[in-house]
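# Fold and geometry: a report
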Amino acid sequence: MAKIRGRPGKTAGSPAGGAKFEQEIYMTAAEMADMLRGLADEVEARGRVEASFGDWTIGVNPAEPLKAEIQYKHDPSRRELEVQLKLKENP
């Protein structure tokens, strides 16, 4: 299980009982790297991928192909790289 550390930000929904749950978490570079390593280990093991933060744990048994979306915003005053991983479970 990938344990997520950091400071919680905005949240929407509930991980326990809703169609959609979103949680922003602000973290240090070390915390981010640790989370990514944990997720990578679970994806590579090809089993259940779980993430936990505080009192919640969520997870899926992802089916291939896995999907990543990469977005880059170039503004002279602010550059942003967004990486979104999508691990979908077949019904």
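For the structure, check the block above.
A brief structural summary. (Residues numbered from 1 in each chain as written. Predicted model: local features only at pLDDT ≥ 70, side-chain atom pairs only at ≥ 80, totals over all residues. Heavy atoms only, no water.)

### Observations regarding the overall build of the chain
A count of helices and strands for the chain gives one helix and seven strands. Counted from the first residue to the last, the chain has its helices and strands arranged as β-β-β-α-β-β-β-β. Its C-alpha atoms give the chain principal-axis dimensions of about 45 × 30 × 25 Å. Buried positions account for 15% of the 91 residues belonging to the chain. Relative to all contacts within the chain whose residues are 6 or more apart in sequence, the contacts with residues 24 or more apart total 36%. Accessible surface for the chain amounts to roughly 7200 Å². Of this, 51% is attributable to carbon and sulfur atoms. Across the chain, the centroid of the 14 positively charged side chains sits 4 Å from that of the 15 negatively charged ones. (Helix = DSSP H or I, 4+ residues; strand = E, 2+ residues; numbered from the N terminus. Buried < 20%, exposed > 50% of the residue type's maximum accessible area, 1.4 Å probe, protein only. Contact = heavy atoms within 4.5 Å. Areas by Shrake-Rupley, 256 points an atom, 1.4 Å probe, with all protein chains shown as cover. Lys, Arg positive; Asp, Glu negative; His and termini not counted. Charge placed at Lys NZ, Arg CZ, Asp CG, Glu CD.)

### Some points on helix α1 (residues 29-45)
Taking 1.5 Å per residue as the helical rise, α1 with its 17 residues ought to reach 24 Å, and the 24 Å between its terminal C-alpha atoms agrees with that figure. Taken together, the buried positions of α1 are Glu31, Met35, Gly38, Leu39 and Glu42. For α1, the angular spread of buried residues about the axis comes to 95 degrees, placing them on one side. Along α1, the residues that are exposed and aim more than 90 degrees away from the buried face are Ala29, Ala30, Arg37, Asp41 and Glu44. (Expected span 1.5 Å × (residues − 1). Arc of directions from axis to C-beta.)

### Some points on the pattern of salt bridges
Here the structure, examined in full by the defined rule, presents eight salt bridges. Two residues, Lys20 and Glu22, come together in a salt bridge whose shortest N-O distance is 3.3 Å. Note on Lys20: relative accessible area 59%, which makes it exposed. The shortest N-O distance in the salt bridge between Glu50 and Arg48 comes to 3.1 Å. Take Glu50: its relative accessible area is 24%, and that puts it in the partly exposed class. Bridged by salt links that share partners, the residues Lys67, Glu69 and Lys86 form one connected network. (Salt bridge = Lys/Arg side-chain N within 4 Å of Asp/Glu carboxyl O.)

### Notes on the nonpolar core
Among the nonpolar cores identified, the biggest contains nine residues, and these are Ala2, Ile4, Ile25, Met35, Leu39, Val49, Ala51, Phe53 and Trp56. If you list the elements that add at least two residues to this core, you get α1 and β4 (49-53). Here this core takes three residues from β4, the largest share from any one element. (Core = buried A, V, L, I, M, F, W, Y, C linked by side-chain atoms within 4.5 Å.)

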